[in-house]
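# Summary of structural features
Listed here are the chains, written in short residue letters.
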Amino acid sequence: MESDSSKFLKELPVPERFEEKQIRIQNFVERQHSLRNKVVLVTSGGTIVPLESRTVRFIDNFSQGTRGSASAEYFLNSGYAVIFLHRNGSLEPYSRNFSRKNLLDFLEFREDGQEQSLAVQGKYEEKISKILRIYQKVTHSEMLLSVDFTTLSEYLYLLRIAALALKTLQLDAMLYLAAAVSDFYIPKDQMPEHKIQSSNGSLQLSLQLVPKLLEPLVKDWAPDAFIISFKLETNRSLLISKSKAALEKYQHQLVIANLLETRKEEVILVTKDSSKPILLSAECLSQGVEIEELIIKELITIHNHMLNQK
Ligand code: PAZ
């Protein structure tokens, strides 16, 4: 019998520019495979769920892509090639470091006789040069592939394609699923085509549950990869039990548990038989250390251990 998830995937609309994205992902994976590089798929940012076919309104979530974009940098820094599947407009590796600033505030005009040139203001030069050097090295070596999504269906389509492309890499592939993905959606046949009219009175929404695609992902799409999912909660008492339940249900290797309010200073790495907290001290935080640096270090140790046991 056809499973809920395969029925659901069949009914999803094909995303715009899907084929082009599919080819880019496949070519990237083939190239990295031929270079014998380890590849990690990092998902990042939130999905939207449209309320109308010709979408004016949609449901969104809080995620900014901080976790995913920072993690992608630390993976690249450790020699992994990265497919960065991210929400369009959310934070991206390297440029994230300047995201809260207006580009124009970094710049100034310099006069030299009659000539006027555009330059980076002195106080920003060191930081920009440092990050630009790394960014150019990564770009030149083609170790980073950025692919964007906006809607839930685009995300799920691209996740499937990326996971299937990584299948051939077996344990040399890692999937780091940090995106905040909607659990609810409106099926196409229940979605109004045109903008919902406020003149019709108050709005009642009925959303359906999105089938958990972690199941086919672990079982069929990339069964030999190292798969890490995230569990976000607001109630601490649910965090470990729900992470363990996910591991039990989907049979992947690791859940990273985090709470909305403390996600930048505390996470717990949960496996079937262990829970390891990673905590950033106030001192580390004030020095600009990022929790993603510690997370990625731990994951790479675990990944190497798994590869050595193969
Ligand atoms: O993107 P961000 O840095 O603002 O937030 C990261 C996060 C909380 C979305 C991520 O760590 C996470 O838990 N993702 C999975 C969310 C979920 O349970 O659906």
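Residues numbered from 1 in each chain as written. Predicted model: local features only at pLDDT ≥ 70, side-chain atom pairs only at ≥ 80, totals over all residues. Heavy atoms only, no water.

The name recorded for the chain in an unreviewed UniProt entry is Phosphopantothenate--cysteine ligase, from Octopus sinensis. The Function (unreviewed entry) comment attached to the chain in UniProt states, word for word, "Catalyzes the second step in the biosynthesis of coenzyme A from vitamin B5, where cysteine is conjugated to 4'-phosphopantothenate to form 4-phosphopantothenoylcysteine. Has a preference for ATP over CTP as a cosubstrate." Quoted straight from UniProt, the Sequence similarities (unreviewed entry) entry for the chain says "Belongs to the PPC synthetase family." (UniProt positions renumbered as here; feature names shortened; annotations may be inferred.)

### Remarks on the pattern of salt bridges
A side chain of one charge can pair with a side chain of the opposite charge when the charged atoms of the two come close. Going through the model one piece at a time under the given rule, you end up with 16 salt bridges. When the shortest N-O distance is used, the salt bridge between Glu20 and Arg17 registers 3.1 Å. Classification of Glu20 as partly exposed rests on a relative accessible area of 36%. A relative accessible area of 49% means that Arg17 is categorised as partly exposed. Here Asp60 ties to Arg87 by a salt bridge, and the two come within 3.0 Å at their closest N and O atoms. A residue pair is termed long-range when its members are at least 10 positions apart, and Asp60 in the loop between strand 3 (58-59) and helix 3 (66-77) and Arg87 in strand 4 (residues 81-87) qualify at 27 residues. Take Asp60: its relative accessible area is 37%, and that puts it in the partly exposed class. You can call Arg87 buried: its relative accessible area is 14%. Through salt bridges with shared partners, a single ionic network connects Arg17, Glu20 and Arg24. (Salt bridge = Lys/Arg side-chain N within 4 Å of Asp/Glu carboxyl O. Buried < 20%, exposed > 50% of the residue type's maximum accessible area, 1.4 Å probe, protein only. Helix = DSSP H or I, 4+ residues; strand = E, 2+ residues; numbered from the N terminus.)

### Here we look at a nonpolar patch on the surface
Taken together, the side chains of Ile59, Leu203 and Leu205 make up a nonpolar region of the molecular surface, amounting to roughly 240 Å² of accessible area. Among the structural elements, Ile59 can be located in strand 3. (Patch = residues over 30% accessible without salt bridge, like charges linked within 9 Å, V, L, I, M, F, W, Y side chains within 5 Å. Areas by Shrake-Rupley, 256 points an atom, 1.4 Å probe, with all protein chains shown as cover.)

### A closer look at the environment of Val147
Position of Val147 relative to the elements: it lies in strand 7 (residues 144-149). For the pair Val147 and Ala163, spaced 16 residues apart in the sequence, the C-alpha separation amounts to 13 Å. Apart from the residues within four sequence positions on either side, Val147 is in contact with Lys21, Arg24, Ile25, Phe84, Leu85, His86 and Leu158. (Contact = heavy atoms within 4.5 Å.)

### A short note on the site of the ligand
The full set close to the ligand counts 14 residues, and Ser63, Gly65, Arg67, Asn258 and Arg263 are the nearest of them. Thr66 places a main-chain nitrogen or oxygen 3.3 Å from an oxygen atom of the ligand. For the ligand, whose free accessible area comes to 470 Å², the fraction covered by protein is 89%. With 3 residues, strand 11 (residues 226-233) is the largest single contributor of residues to the shell around the ligand. (Near = heavy atom within 4 Å. Polar contact = N/O pair within 3.5 Å; in protein donor to acceptor, adjacent residues only side chain to side chain.)

### A word on the packing of aromatic side chains
All told, the structure shown has 9 aromatic pairs when counted by the stated rule. Residues Phe106 and Tyr124 carry aromatic rings whose centres are separated by 4.7 Å and whose planes lie at 80° to one another, so their mutual orientation is edge-to-face. Within this pair, whereas Phe106 is found in the loop between strand 4 and strand 5 (107-112), its partner Tyr124 is found in helix 4 (residues 122-141), the two being separated by 18 residues in sequence. A single burial state applies to Phe106 and to Tyr124, both of which are buried. Here a set of aromatic residues connected by ring pairs shows up, and it is made of Phe75, Tyr80, Tyr176 and Phe230. (Phe/Tyr/Trp six-rings, centres within 6.5 Å; stacked < 30°, edge-to-face > 60°.)

### Digging into the UniProt feature "domain: DNA/pantothenate metabolism flavoprotein C-terminal" (unreviewed entry) in the chain
Mapped onto this structure's residue numbering, the UniProt feature "domain: DNA/pantothenate metabolism flavoprotein C-terminal" (unreviewed entry) falls at residues 35-92 and 172-264. Between the end C-alpha atoms of residues 35-92 the distance is 25 Å, and the span holds 21% helix and 29% strand. Note that residues 172-264 is 25% helix and 25% strand, and that its end C-alpha atoms are spaced 28 Å apart.

### What to know about the nonpolar core
Counting residues in hydrophobic clusters, the biggest one holds 89 residues, and the most contacted among them are Ile25, Phe75, Leu175, Tyr176, Leu217, Ile256 and Leu299. Sorting elements by how many residues they give to this core places helix 5 (residues 152-166) first, with 11 residues. Other than its neighbours up to four places away in sequence, Ile25 contacts Ile83, Leu145, Val147, Leu158, Ile161, Ala162 and Ala165. (Core = buried A, V, L, I, M, F, W, Y, C linked by side-chain atoms within 4.5 Å.)

### Details of unusual backbone geometry
Residues apart from glycine generally show negative phi values, whereas peptide bonds are mostly found in trans. Look at Arg36: it is not a glycine, yet its phi comes out positive at around 60°. The residue Arg36 is located in the loop between helix 2 (18-34) and strand 1 (39-44) in this model.

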